[in-house]
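This is what each chain is made of:
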Amino acid sequence: MNEEKNGLIPEEAPPKTIVQSAKDFMNGVLSPLKGKDVGQLVEEFTAEMTLVAEGLSEDQQKLQKESEALAAQQTLMEQNLLDQLHDANVTVGDMQKEIDALRRRLEKAEKSIGEKKIKKVEGFTGLLRQATWLAGIVVGGWIIVTVINFFK
């Protein structure tokens, strides 16, 4: 009870009727307008709102132009990207063909190396080659014997 007297707990205000509240609200709203011509105020408001609407319209037109420019730029970039992808696919195809050709050449080279063994030379050439080796061995032996006899 002591707290209620000190003002710590607010006292309940008597409830206002709805009609009285609405009347107070309208009086509060219309109090700045009293003494002014309502027609003039409406004209000022309309002029300001027209100015705002024109500004919004200009902004919207600018945004529309920028949007169209961005769409055109995006279309160009997409086309450029598609062209680059096509070129890359063509390049990859060409590289694959070259790799296949090199692979075939490598297989042929490996096959030819495997087939090429030291072949015995037949015929007169083979006989001449064998005679040359034999003559070389005989001459080498003769030189060795001569050098040994010389130092004895």
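The structure we're discussing is the one just above.
This text gives an overview of the structure that appears in the document. (Residues numbered from 1 in each chain as written. Predicted model: local features only at pLDDT ≥ 70, side-chain atom pairs only at ≥ 80, totals over all residues. Heavy atoms only, no water.)

1. Concerning the overall build of the protein chain
Part 1 of the argument: Helix and strand counts for the protein chain stand at four helices and zero strands.
Part 2 of the argument: Going from N to C terminus, the protein chain has its helices and strands arranged as α-α-α-α.
Part 3 of the argument: Burial analysis of the protein chain (152 residues in total) assigns 1% to the buried set. (Helix = DSSP H or I, 4+ residues; strand = E, 2+ residues; numbered from the N terminus. Buried < 20%, exposed > 50% of the residue type's maximum accessible area, 1.4 Å probe, protein only.)

2. Considering the packing of aromatic side chains
Part 1 of the argument: In total, this model carries one aromatic pair according to the counting rule given.
Part 2 of the argument: Ring centres of F150 and F151 lie 5.2 Å apart, and the angle between their planes is 75 degrees; this geometry places the pair in the edge-to-face category. Of the two residues, F150 and F151, both sit in the exposed class. (Phe/Tyr/Trp six-rings, centres within 6.5 Å; stacked < 30°, edge-to-face > 60°.)

3. Examining the pattern of salt bridges
Part 1 of the argument: Across all of its chains, the model carries one salt bridge by this definition.
Part 2 of the argument: For D100, the salt bridge identified is with R103, shortest N-O distance 3.5 Å. You can see D100 and its partner R103 sitting in helix α3 (residues 38-115), three residues apart, about one turn around the helix.
Part 3 of the argument: Since its relative accessible area comes to 46%, R103 is described here as partly exposed. (Salt bridge = Lys/Arg side-chain N within 4 Å of Asp/Glu carboxyl O.)

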